[in-house]
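Residue-level structure breakdown
Listed here are the chains, written in short residue letters.
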Amino acid sequence: MAKVSIIVPAYNVEPYLVECMESITHQTLEDIEIICINDGSTDNSLSILKSYAEKDGRIKLVDKENGGYGIGMNIGLDMAAGEYIGIVEPDDFVPVNMFGNLYDAAKKNDLDFVKADFYRFERASNGDMFLTYNHLSKKAEDYNTVFNPSRTPDAIRWIMNTWSGIYRREFLNKYGIRHNETPGASFQDNGFWFQTFAFAERAMIIDKPYYMNRRDNPNSSVRDPQKIYCINVEYDHIRDVLMQHPETWERFKGYYTLKRFHNSLTTLRRIANDCKKEYVERFAKEMKRARDLGEMDENLFTPGERDNINLLINQTAVYYKIKALPMNAGSTSLNNNFKQVKTELDKIKRSKSYRLGRAIMYIPIRVKNFAKKIYRKINKMRRGYKKDE
């Protein structure tokens, strides 16, 4: 049995695939198997993978019709025979000591999974690389110690990825942790990531960067403006999975809604402008459902986020015009939209709650304005003294 099975799901990544495969085949940990899933590529990706498979007996190559990221990943997970399983996206690469070091940490601490910090990178036309260090957690005390993810729902706040670590195969199989088999590359890694944190009992994160995550691939799914509701479908799937485990769902539901909110905001910024209004309406219904069903813990959100949620749910049209209104519309359209927004805001200002808030803030505002006037007069006097000198 190999120590680590590495799954590489490939679809039309010819420009990056050699760099990826070189980094995997030259790992200092030689006892690995490499499972490459060609998901119906129409470029030379399959030929590149075949050339590596002919030279390296550790490589298993699956050539299949295009069916989507989730299906390909699940084929790889079912095939894997290694003690631990890693994932390398075909437009990324890894340092040669990554899997050896992670495996040693996993074995030493008997971990269900271990993950490490990582770099995001872009390359200039001259080959120069620009790196950004990404810490999984903002807290130093979260690192290099064994913790129980299934009892630490706050870890859901950490940076989400499935590829900066390795997972014990027995753990994944015990809980049936797999990817959602929706079409295309449609954020199916979200569900896999969420399940690993919800069910694992022993894990560790390491404050050393290994994985190199590319951010300049123009064909990356995160850049596709047509994938409008993919994240919503994925989070419906996550909810269905977690609700099969009532205690786990009760523990994680607030953090689930927090993550869903953040990813929906990211989607709203990413999708085409003519889809934003319809998306905001769906977004509002989902957040209202979460609040009404007790799946939203407002204490987990910042004050600004809570204000946004209240506006989204209670004044959906205003939220769209203020937060999501296309900024590249023509000037006439912008003027019309501005008038509509002003009308809506005038209605809010006439409401009892707004007038009460203004009354409460009246004195502090007057004091602040008075202080500003005094400050300006003092500065004016100082400037006058300087001129006299």
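Rules used in this analysis
- Residues numbered from 1 in each chain as written.
- Predicted model: local features only at pLDDT ≥ 70, side-chain atom pairs only at ≥ 80, totals over all residues.
- Heavy atoms only, no water.
- Helix = DSSP H or I, 4+ residues; strand = E, 2+ residues; numbered from the N terminus.
- Buried < 20%, exposed > 50% of the residue type's maximum accessible area, 1.4 Å probe, protein only.
- Contact = heavy atoms within 4.5 Å.
- Areas by Shrake-Rupley, 256 points an atom, 1.4 Å probe, with all protein chains shown as cover.
- Axes fitted to C-alpha atoms, helices over the stretch in contact; angles between N-to-C directions.
- Parallel < 35°, antiparallel > 145°, perpendicular 65-115°, else oblique.
- Nonpolar A, V, L, I, M, F, W, Y, C, P; charged D, E, K, R; others polar.
- Phe/Tyr/Trp six-rings, centres within 6.5 Å; stacked < 30°, edge-to-face > 60°.
- Lys NZ or Arg CZ within 6 Å of the ring centre and 35° of its normal.
- Pairing = 2+ DSSP bridges.
- pLDDT = per-residue confidence, 0-100.
- Salt bridge = Lys/Arg side-chain N within 4 Å of Asp/Glu carboxyl O.
- 1 Å grid on protein atoms, 1.4 Å probe; cavity = no way out; pocket = protein on both sides within 12 Å on 5 of 7 lines; lining within 4 Å.
- Points joined across faces, edges and corners; volume = space filled by probe spheres on them.

Scanning the protein from terminus to terminus reveals 13 helices and eight strands. The buried share among the 389 residues of the protein stands at 48%. Excluding contacts between residues fewer than 6 apart, the proportion of contacts in the protein whose partners are at least 24 apart in sequence is 79%. As displayed, the protein has an accessible area near 20,200 Å², and 51% of this comes from carbon and sulfur atoms.

Time to look at the packing of helix α9 (residues 276–292) against helix α10 (residues 303–314). Packing of α9 against α10 brings their axes to within 8 Å, and their N-to-C directions diverge by 110°. Considering the angle they form, α9 stands roughly perpendicular to α10. Here V280, F283, A284, M287, K288 and R291 of α9 come into contact with α10, specifically with N310, L312, I313 and N314. Class assignment of the residues belonging to the contact of α9 with α10 gives a composition of six nonpolar, two polar and two charged.

Buried residues dominate helix α6 (residues 189–199), accounting for 11 of its 11 residues. What α6 keeps buried is the set D189, N190, G191, F192, W193, F194, Q195, T196, F197, A198 and F199.

Attention now moves to the packing of aromatic side chains. Given two aromatic rings, their pairing is described by the distance between the two centres and the angle made by the two planes. For the structure on display, the rule yields 22 aromatic pairs. Taking the centre distance of 5.6 Å and the plane angle of 80° together, the rings of Y119 and Y133 count as edge-to-face. Pair noted here: Y119 is in strand β5 (residues 113–123) and Y133 is in strand β6 (residues 129–134), with a separation of 14 residues, a long-range link. For Y119, a relative accessible area of 24% gives the class partly exposed. Each residue in the set F113, F147, W158, Y167, F192, W193, F194, F197, Y235, W249 and Y256 is aromatic and connected to the rest through ring pairs, giving one cluster. The cationic tip of K55 hangs over the ring face of Y52; the distance from NZ or CZ to the ring centre is 4.7 Å.

The next subject is the pairing of strand β1 (residues 4–10). Consecutive side chains along a regular strand alternate between the two faces of the sheet. For β1, the tally of buried residues reaches seven of seven residues, placing the bulk of the element in the interior. Note: β1 against strand β2 (residues 32–39), seven bridges, orientation parallel. Counted as the bridge partner of S5 is E33 from β2. Pairing geometry for β1 and strand β4 (residues 84–87), over four bridges, is parallel. Along β4, the bridge assignment pairs S5 with I85.

For the rest of this paragraph, the subject is unusual backbone geometry. One non-glycine residue with positive phi stands out, namely N12, at about 50°. With respect to the helices and strands, N12 occurs in the loop between β1 and α1 (14–25). One non-glycine residue, D110, lies in the positive phi region at around 55°.

With that settled, the discussion passes to the confidence of the model for the protein. The predicted model of the protein has a mean per-residue pLDDT of 88, with 81% of residues at 70 or higher. Confidence drops under pLDDT 50 across residues 328–335; counting only partners more than four residues distant or on other chains, this segment forms three contacts.

This brings us to the pattern of salt bridges. Summed over all chains, the structure comprises 20 salt bridges. Between K60 and E33 there is a salt bridge; the shortest N-O distance is 3.0 Å. Taken as a pair, K60 in strand β3 (residues 59–64) and E33 in strand β2 lie far apart in primary sequence, 27 residues in all. The class of K60 is partly exposed, set by a relative accessible area of 35%.

This paragraph deals with the environment of Y255. In this fold, Y255 is placed in helix α8 (residues 246–270). In sequence terms Y255 and F301 are 46 residues apart; their C-alpha atoms lie 9.6 Å from each other. Excluding its chain neighbours within four sequence positions, the residues that come into contact with Y255 are P153, D154, I156, R157, F194 and L300.

Topologically, T182 is positioned in the loop between α5 (169–174) and α6. Leaving out residues up to four positions away in the same chain, T182 has contacts with G67, G68, Q188 and V233.

As a further point, take empty space enclosed by the protein. This structure, assessed with the given rule, holds one cavity of 30 Å³ or more. Around the largest cavity, the lining residues are Y256, T257, R260, E286, M287, R289, A290 and E295. Counting residues per element, the ones that place at least two in the lining of the largest cavity are α8 and α9. Residue contributions to the lining of the largest cavity peak at four residues, all from α9. A per-class count over the lining of the largest cavity returns three nonpolar, one polar and four charged.

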